[in-house]
Protein chains: 2
Amino acid sequence: MTTSTLQVSKSPVTGKVYEIPADKKDKEGIDAFIALHSGKKVVVVQGLGFVGSVMGLVVANALTEEYAVIGIDLPTPGSYWKIRSINEGVFPVIASDPKIELYYQNALQKKNYYASFDAYAYSKADVIVVDINLDVQKKSAKNKDLEGYDVDLTPFRKAIEAIGAYCKEDVLVLVETTVPPGTAQKIVRPLLEEALTKRGLPVDKIKVGHSYERVMPGPKYIDSIQNFYRVFAGTDEKSAVAVETFLRTVIRTDEYPLTRLGNTNATEMAKVLENSYRAMNIAFMVEWSRFAEEAGVDIYEVVNAIRMRPTHKNIMLPGLGVGGYCLTKDPLLASWARMNLFGSTEKLGQSEKGVHINDKMPVYAFDFLQAQYKDSLEGKKVLLLGVSYLNDVGDTRYTPVEAFYDHLEMEGCAIHLHDPHVKYWEEKDIWVNQDLDGLLEDEYDVIVITTGHKDYRSNAALLEKIKNKPAAWVYDTIGVLSNEEIRSLKERHVVKVLGRGDL
Amino acid sequence: MTTSTLQVSKSPVTGKVYEIPADKKDKEGIDAFIALHSGKKVVVVQGLGFVGSVMGLVVANALTEEYAVIGIDLPTPGSYWKIRSINEGVFPVIASDPKIELYYQNALQKKNYYASFDAYAYSKADVIVVDINLDVQKKSAKNKDLEGYDVDLTPFRKAIEAIGAYCKEDVLVLVETTVPPGTAQKIVRPLLEEALTKRGLPVDKIKVGHSYERVMPGPKYIDSIQNFYRVFAGTDEKSAVAVETFLRTVIRTDEYPLTRLGNTNATEMAKVLENSYRAMNIAFMVEWSRFAEEAGVDIYEVVNAIRMRPTHKNIMLPGLGVGGYCLTKDPLLASWARMNLFGSTEKLGQSEKGVHINDKMPVYAFDFLQAQYKDSLEGKKVLLLGVSYLNDVGDTRYTPVEAFYDHLEMEGCAIHLHDPHVKYWEEKDIWVNQDLDGLLEDEYDVIVITTGHKDYRSNAALLEKIKNKPAAWVYDTIGVLSNEEIRSLKERHVVKVLGRGDL
């Protein structure tokens, strides 16, 4: 007896609902696409997320070569709609970069970007670009002790095994995923060689390389791939040469020269080191902003003074917390790799600590608020301005607003959300209000600025509206309000800016 | 029965030996100096070290006002010679900056820079600039557990009390010393008010401010005071105004505008935060360079690739360790202040940890070397290239070479030292050889590059000499050697570069 549950996948872009086919084959579709492009090299992009879907677009619009591009993702509720959407003429990523639509229309016209879920596509590929996610499993943000984590490579290994089961013996597999250092050399290459051996094929022609992207969703989405510096390496000399040859066809290497490193451990390390550096610099400021509060010091004025030194321009500011896909996990990938792939008995303790400190920032911001309501926060009406983790962009991946929201919710607050760039908060499955004026018709116990969007900065009309309300608290968690704005709000409100002790 | 031991003070600049007078009075000298400059404001600089002696010079060469400057230091063996030297026409600081001699000759001609040891000078001062040291007591570098430290404010308090015992009731006391945040407000001002009260004087006219210098001994010594951004604050409004007025007369504020912060806690914090940030960024790289070695990665190539990003230009490189007067202690001053002056139960844990990690860097560098000689390092002949902590400058204060040297010495090595910028290593009371050619006539078991002086970089003649020797080891602790140089040395030597695993 089998239960046939029909699985569906819904597009958050169009609202359209797709039935996921029971038959997971698409040989016909792929063959038909390939037939359209005979003579062209085939590039398969594995993973149609924030990086892969746009990387596919960039390859379909390559600078010096015409490629046939196939994007591959899994036929799951979370991903199947992306496949259908690409094939139906609706790009699955909403972004403020106009080049996205331009590049997509161009690909539609050339019919050279096809999407599928069938691993059969790998058998046609000359180049396979790996852009799948590799996640870290952390303790839930609802838990105040946030120090535990785990790295489970199973999904990543499966994805590589799927390639190995189909790929040509001389394919180039270019890993772009941010991986634990050592992965290309110690995991990807051995898995592919094992699969080729099983298939009775030689293993000396396969090429495996790593190059890391620095994709920034936002107004320069395409440029962050095509017009930016790339670092790459191969697991052997011919792999490195193949990676370089491929990258030169898609990236503006005349203006942004490629950097080749000695081995893939080095490129993999460079990416996670880069992000760990940034995460650590934020964590560093957390302690100091607490100290500033204790000493009646405005940390923003101190940091601005320090930034006058050219050598200290990059000192970070405190805030609600750290979000996004990279800074929140890359230091942990590195530390995990050090112990699990290179057998060190030491972790990257400081870098791990940095992530844990950052993860606790929204909890600290919440604790401060809670301390103001000694009886209870229950039933308090709270308006959060911003759910994205990044200013002026609608990206909610690992946003620190989530932990803040969760704690308010656990305390029984009535929470209202605004974000001009986020209609639907995917991770929480909540619709976000975009009508700030409408929201401000209402009254709140606390108005919290949680993202530094332009809409909340130097917005006189917004300030005027808040000033004329009987709200008890205005809580700026990221230093958006100017001294003058604070003074004017203080006539009727209690104003608190995190990290500013002397208000 | 009293023993009269004659105390002397020897100038390391001229070799001249001065007898320290038993009578610690200099009223006549001071009065005579003041008489020469009637009508001029008197500025007393307290402390004639690396900062104070040159600050005195800058004030004596003020831009928009003629000051009579008195430098004050203690009549101790370590400091008395500076007083005599200034009055005898030999500036007590050797520096490559030609402006030092220019400014000094100008002051000699105007006879407006006098030095003394008598606190009576404070009674004549309109402005007193505090430039004395405030040290942190750490565990000895010879001890491998370097986590303990203490801050003893006694000498600093005594210096402020000496001012309070003599100063005019409306003097401006401008603290430039790097102090624990809170010092101007919680220590300096109360001590001065107490002293004035004891003397039957009002306390409402005294002005106390803080402004931090960023003096860099070296080729731009004077400019690092006169042509650089200053941050300042006062303990009250009139103090802040007085500080600003004074600084405008000595600093090129048209090109380097002053920044006034809300209170002296903020300026004091800015200075130690700035240095903690840098110390922390170095400590961060320590772990990663260990990881790089384990993974066969060249950390220098990785860091250079990361620096291509404008936001990551300031990422630091690993090395032998961290030296100098600031980065080695300022994070500890801050952490101490947080707990001892602001009553926090939390220290600045990350910043403290950064200092401890940095302090252990030379020990790690030594441990690596020791591991290569499993039997013993005893009797090994070792040449250290560089004792200064800074490239191309002769500054040995808290140089990391010291801990490295100490460990070699404890193991019974025969150590030879070279540094083109250091004749005499004051802290260790050792003379340093400056004849590199002569030193290389000899043979060594290990040649260690310990400072990144230009003399050791891309120096073909030096390389040729080393290549032709039968030395067993060339140990580059700071990444001075290029790949090509390493290859050529490897023909006959074992070469190790700290942080480069894939050599």
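Just above, that's the structure.
Residues numbered from 1 in each chain as written. Chains lettered and ligands numbered in written order. Predicted model: local features only at pLDDT ≥ 70, side-chain atom pairs only at ≥ 80, totals over all residues. Heavy atoms only, no water.

Participant: Account for the overall build of chain A, naming residues and giving values.
Facilitator: Across its full length, chain A holds 16 helices and 19 strands. Its C-alpha atoms give chain A a radius of gyration of 25 Å, near enough to 23 Å, the size a compact globule of 503 residues would have. Buried residues in chain A amount to 59% of all 503 residues. Within chain A, residue pairs in contact and separated by at least 24 positions form 75% of the contacts whose partners lie at least 6 positions apart. (Helix = DSSP H or I, 4+ residues; strand = E, 2+ residues; numbered from the N terminus. Rg over C-alpha atoms; globule rule 2.2 N^0.38 Å. Buried < 20%, exposed > 50% of the residue type's maximum accessible area, 1.4 Å probe, protein only. Contact = heavy atoms within 4.5 Å.)

Participant: Could you give an account of helix α5 (residues 154-166) of chain A, naming the residues involved and the relevant values?
Facilitator: Residues and elements named next belong to chain A. For α5, built from 13 residues, the straight-helix expectation of 18 Å at 1.5 Å per residue is met to within 8% by its first-to-last C-alpha distance of 19 Å. Burial in α5 covers these residues: F156, A159, I160, I163 and G164. The buried residues of α5 occupy one face: seen down the axis, they fall within an arc of 140 degrees. Exposed side chains of α5 directed beyond 90 degrees from the buried face belong to P155 and K158. Residues of α5 that are buried sit in contact with β3 (41-46), β6 (127-130), β9 (172-175) and α6 (183-198). (Expected span 1.5 Å × (residues − 1). Arc of directions from axis to C-beta.)

Participant: Hey, could you go over the interface of chain B and chain A for me, with residue numbers and the actual values?
Facilitator: Taken together, the contact between chain B and chain A spans 58 residues of the former and 58 residues of the latter. Overall, the association of chain B and chain A removes approximately 5,500 Å² of surface from exposure, summing both partners, and the carbon and sulfur fraction of that is 66%. Our enumeration of links across chain B and chain A arrives at two salt bridges. Its salt-bridge partner being R338 of chain A, residue E294 of chain B comes within 2.8 Å of it at the nearest N-O pair. (Buried area = accessible area lost by both parts, 1.4 Å probe. Salt bridge = Lys/Arg side-chain N within 4 Å of Asp/Glu carboxyl O.)

Participant: Explain the relation of the copies chain B and chain A to me, using residue names and the numbers behind them.
Facilitator: Copies of the same chain, two in number, are related to each other by a rotation about an axis and a translation along it. When chain B is fitted to chain A, the residual RMSD is 0.0 Å, and the transformation amounts to a turn of 180 degrees plus an axial shift of 0.0 Å. The superposition of one copy onto the other is thereby described by a two-fold rotation axis. Both copies contact each other with a shared surface, as 100% of the interface residues of chain B are interface residues in chain A too. (Least-squares fit on C-alpha atoms with pLDDT ≥ 70 in both.)

Participant: Can you break down the sheet that holds strand β4 (residues 67-72) of chain B residue by residue, with the values?
Facilitator: Residues and elements named next belong to chain B. Strands sit in the order β5-β4-β3-β6-β9-β10-β11-β12 across an open sheet of eight strands; the sheet is mixed. Here the strands that pair on one side only, and so sit at the sheet edges, are β5 (113-116) and β12 (259-260). Set on the sheet, helix α5 (residues 154-166) makes contact with β3 (41-46), β6 (127-130) and β9 (172-175); between it and β6 the angle comes to about 170 degrees. (Pairing = 2+ DSSP bridges. Axes fitted to C-alpha atoms, helices over the stretch in contact; angles between N-to-C directions.)

Participant: Before we move on, could you go through unusual backbone geometry and cite the residues and values that matter?
Facilitator: The phi dihedral of D429 of chain A is positive, around 55 degrees, even though this residue is not glycine. The phi torsion at Y398 of chain B lies on the positive side, around 50 degrees, for a residue other than glycine. Summarising the element assignment, Y398 of chain B is placed in the loop between β13 (381-385) and α13 (401-410).

Participant: A description of the nonpolar core should follow, citing residues and the corresponding values.
Facilitator: Generally speaking, a soluble globular protein has its nonpolar side chains buried in company with each other. Formed by 253 residues in total, the largest nonpolar core has its most connected members in W288 of chain A together with W288 of chain B. Sequence-distant contacts of W288 of chain A, defined by excluding residues within four places in its chain, comprise I299 of chain A together with M269, V272, L273, S276, A334, L348 and S351 of chain B. (Core = buried A, V, L, I, M, F, W, Y, C linked by side-chain atoms within 4.5 Å.)

Participant: I'd like to hear about the pairing of β6 of chain A, residue by residue, with values.
Facilitator: All names here are of chain A. Burial along β6 is two-sided: the residues V127 and V129 and I128 and V130 are all buried. Pairing between β3 and β6: four bridges, direction parallel. In the strand pairing of β6, V45 is matched with V129. As defined by bridge partners, β6 adjoins β9 across four bridges and the pair is classed as parallel.

Participant: Give a detailed account of helix α9 (residues 264-294) of chain B, specifying residues and quantitative values.
Facilitator: Residue and element names in this part refer to chain B. Helix length check: α9 (31 residues) gives 46 Å between terminal C-alpha atoms against 45 Å at 1.5 Å per residue, within 8%. A large share of α9 lies buried, amounting to 29 of its 31 residues. You can read the cap of α9 off the contacts: a side-chain oxygen lies 3.2 Å from the backbone nitrogen of N265, and it is on N263. Of the residues flanking the end of α9, it is G296, one or two places downstream, whose phi is positive at about 65 degrees. (Polar contact = N/O pair within 3.5 Å; in protein donor to acceptor, adjacent residues only side chain to side chain.)

Participant: Lay out a nonpolar patch on the surface in plain terms, naming residues and giving numbers.
Facilitator: A surface patch of nonpolar side chains, about 270 Å² in accessible area, is lined by L6, V8 and V17 of chain A. One can find V17 of chain A in strand β2 (residues 17-19). (Patch = residues over 30% accessible without salt bridge, like charges linked within 9 Å, V, L, I, M, F, W, Y side chains within 5 Å. Areas by Shrake-Rupley, 256 points an atom, 1.4 Å probe, with all protein chains shown as cover.)

Participant: Which residues make up the side chain of R397 of chain A, and what are the values?
Facilitator: Residue and element names in this part refer to chain A. With respect to the helices, strands and loops of the structure, R397 is situated in the loop between β13 (381-385) and α13 (401-410). Of note is the side chain of R397, whose polar atom sits 3.0 Å from the side chain of D395. With residues up to four places along the chain from it excluded, the contact list for R397 reads F50, P217, G323, G324, Y325, Y389 and E427.

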